[in-house]
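Chain by chain, the residues run as shown.
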Amino acid sequence: MTQSPNHPISQSPILTYAPTTFSQGRMDFAWEELSEAERAQLYADWEAGRGLIGGHPRHRPGADRLSVWGLNRPFFRVYALDDPRCDNGPRFRAALASDLPLEIEVGYGRGDFLLDRAVRHPQRLFIGYEVKTKATRLALTRVEKLGLENLWLSDDDARVSLPELIPDGRLDAVHVLFPDPWWKEQHKIKRLFAPPFVDLLAAKIRPGGFLHFKSDVEGYGELVRYLVEQHPAFGAHDPALEERIAPHVPTHREHWCQVNGKPVWAFFFPRRELR
Ligand SMILES: C[S@@+](CC[C@H](N)C(=O)[O-])C[C@H]1O[C@@H](n2cnc3c(N)ncnc32)[C@H](O)[C@@H]1O
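Residues numbered from 1 in each chain as written. Predicted model: local features only at pLDDT ≥ 70, side-chain atom pairs only at ≥ 80, totals over all residues. Heavy atoms only, no water.

Participant: Talk me through the overall build of the chain; I want residue IDs and the actual numbers.
Facilitator: Across its full length, the chain carries nine helices and six strands. Its C-alpha atoms give the chain a radius of gyration of 18 Å, within 12% of the compact-globule value 19 Å for 275 residues. By principal-axis analysis of the C-alpha atoms, the chain measures approximately 50 × 45 × 40 Å. Sorting the 275 residues of the chain into buried and exposed places 50% on the buried side. Counted over contacts in the chain with a minimum sequence separation of 6, partners at least 24 positions apart contribute 77%. When the accessible surface of the chain is split by element, carbon and sulfur atoms take 53% of a total near 13000 Å². Once the 36 positive and 37 negative side-chain charges of the chain are each reduced to a mean point, those two points are 4 Å apart. (Helix = DSSP H or I, 4+ residues; strand = E, 2+ residues; numbered from the N terminus. Rg over C-alpha atoms; globule rule 2.2 N^0.38 Å. Buried < 20%, exposed > 50% of the residue type's maximum accessible area, 1.4 Å probe, protein only. Contact = heavy atoms within 4.5 Å. Areas by Shrake-Rupley, 256 points an atom, 1.4 Å probe, with all protein chains shown as cover. Lys, Arg positive; Asp, Glu negative; His and termini not counted. Charge placed at Lys NZ, Arg CZ, Asp CG, Glu CD.)

Written out as structure tokens, the structure reads:
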């Protein structure tokens, strides 16, 4: 299930899929099962905050204040919820404390998938993380043009913000769509999917919720499947779960794949009830 042409946002100039510099990129992703030593190293890296995009947000100058452009808008940063110049923090906390079902997208890029979901489901709450500040500012403008009141955006690295702000078991769904595979050895540390990230997802997604993952790099999809399915809190990929996000529009990268006839691998992992 992809684009629904009859839906308002599909016809809106807000959803443009304007051409980008996307190219096919590398597809030759090789991976192996983790040894105990590699697994321990990945946990040590995570604990030390290595590989965070832009460094640890706590150490950024003015970490406890929002940029002026973000004041009194549906925007938050993990350590700036108490910025006295605006009411972003209290409003964000109130939204989180509501009993609305909550979905998160990590790395929304242009935001088409997330904006479309928020338009379709006004009775659900959505949070988007995108470390590129410029992309976040553009998406924020689109949130406001669409008059959405159920979508919050952040340019935090989700690996720091999720554990700090989101209560355990609060999430109905997490979407991670076309994340960078980070091929080079020296860049691997930035890769989102590693055992501690899967632990984090297991803690935050409620039993009965699910993780939705897509990639156009087959090997990266296999690695993610290996990491998630070996975690006791997740069940095996279940394609039937796609129903729970139907209908939906593609992300920008997925749209590019569709136009260029490139295959995409989609996975839906149920969060199990643990006894
Ligand atoms: C390859 S792009 C895909 C964008 C979009 N999902 C799509 O399919 O068009 C991956 C995005 O994830 C963002 N990203 C990577 N790591 C992230 C993290 N730890 N937290 C939040 N965003 C992240 C990147 O900045 C980038 O925009």
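Participant: Account for the sheet that holds strand β5 (residues 205-215), naming residues and giving values.
Facilitator: What links the strands of a sheet is backbone hydrogen bonding, and the strands pair in either a parallel or an antiparallel sense. What the six strands build is an open sheet, ordered β3-β2-β1-β4-β5-β6; its pairing is mixed. Strand pairing shows two members of the sheet lacking a second neighbour, β3 (151-154) and β6 (265-270), which therefore form its edges. Along the sheet, successive strands turn relative to each other by an average axial angle of 15°, direction set aside. Sheet topology places strand β1 (residues 102-106) next to strand β2 (residues 125-129); five bridges connect them, and they run parallel. Each residue of the ladder has a partner; that of Glu-103, found in β2, is Phe-126. Against the sheet, helix α4 (residues 112-120) touches β1, β2, β3, β4 (171-177) and β5, its axis set at about 170° to β2. (Pairing = 2+ DSSP bridges. Axes fitted to C-alpha atoms, helices over the stretch in contact; angles between N-to-C directions.)

Participant: Tell me about the nonpolar core, residues and numbers included.
Facilitator: Of all hydrophobic cores here, the largest spans 44 residues; its most connected members are Ile-127, Ile-166, Phe-193, Leu-211 and Phe-234. Ranked by residues supplied to this core, first place goes to helix α8 (residues 218-229) with six residues. If near-sequence neighbours (up to four positions away) are discounted, Ile-127 is found in contact with Phe-76, Phe-92, Leu-96, Leu-102, Glu-103, Ile-104, Glu-105, Leu-114, Leu-151, Trp-152 and Ile-166. Leu-71, Phe-75, Leu-114 and Val-143 belong to the second largest nonpolar core, which has 17 residues in total. (Core = buried A, V, L, I, M, F, W, Y, C linked by side-chain atoms within 4.5 Å.)

Participant: Provide a residue-level description of the pairing of β4, including the pertinent values.
Facilitator: Taken across its seven residues, β4 has seven buried, putting it largely inside the fold. For β1 and β4, the ladder comprises four bridges, and the chain directions are parallel. Each residue of the ladder has a partner; that of Glu-105, found in β4, is His-175. Bridging between β4 and β5 involves six bridges; their strand directions are parallel. Its bridge partner lying in β5, Val-174 is registered against Leu-211. In this fold, β4 hands off to helix α7 (residues 195-204), which returns the chain to β5; that crossover is right-handed. (Right-handed = clockwise from strand over helix to strand, strands pointing away.)

Participant: So what's going on with the packing of helix α6 (residues 158-165) against α7? Which residues, and what values?
Facilitator: When two helices pack together, their arrangement is captured by the angle between the axes and the distance separating the axes. Following both chains from N to C, one finds α6 and α7 inclined at 30°, their axes separated by 11 Å at the closest point. Considering only the axes of α6 and α7, their crossing is left-handed. Counted together, Ala-158, Arg-159, Leu-162 and Pro-163 of α6 and Phe-197, Leu-200 and Lys-204 of α7 form the full contact between these two elements. In the contact of α6 with α7, the residues fall into five nonpolar, no polar and two charged. (Left-handed = near helix turned anticlockwise from the far one by under 90°. Nonpolar A, V, L, I, M, F, W, Y, C, P; charged D, E, K, R; others polar.)

Participant: Account for the site of the ligand, with residues named and values stated.
Facilitator: Taken together, the neighbourhood of the ligand is formed by 20 residues, with Gly-107, Glu-130, Asp-157, Leu-177 and Thr-251 sitting nearest. Within the side chain of Lys-132, an N or O atom sits 3.4 Å from an oxygen atom of the ligand. In the environment of the ligand, an oxygen atom lies 2.7 Å from a nitrogen or oxygen atom belonging to the side chain of Thr-251. Broken down by secondary-structure element, the contributors of at least two residues to the shell around the ligand are β1, α6 and α9 (252-259). (Near = heavy atom within 4 Å. Polar contact = N/O pair within 3.5 Å; in protein donor to acceptor, adjacent residues only side chain to side chain.)

Participant: Explain the packing of helix α2 (residues 36-47) against α7 to me, and be specific about the residues and the numbers.
Facilitator: Two elements in contact, α2 and α7, have axes whose closest approach is 8 Å; the angle formed by their N-to-C orientations is 65°. The orientation of α2 relative to α7 falls into the category roughly perpendicular. Across the interface between the two elements, Arg-39, Leu-42, Tyr-43 and Trp-46 of α2 pack against Pro-195, Pro-196, Phe-197, Asp-199 and Leu-200 of α7. Of the residues belonging to the contact of α2 with α7, the class tally is seven nonpolar, no polar and two charged. (Parallel < 35°, antiparallel > 145°, perpendicular 65-115°, else oblique.)

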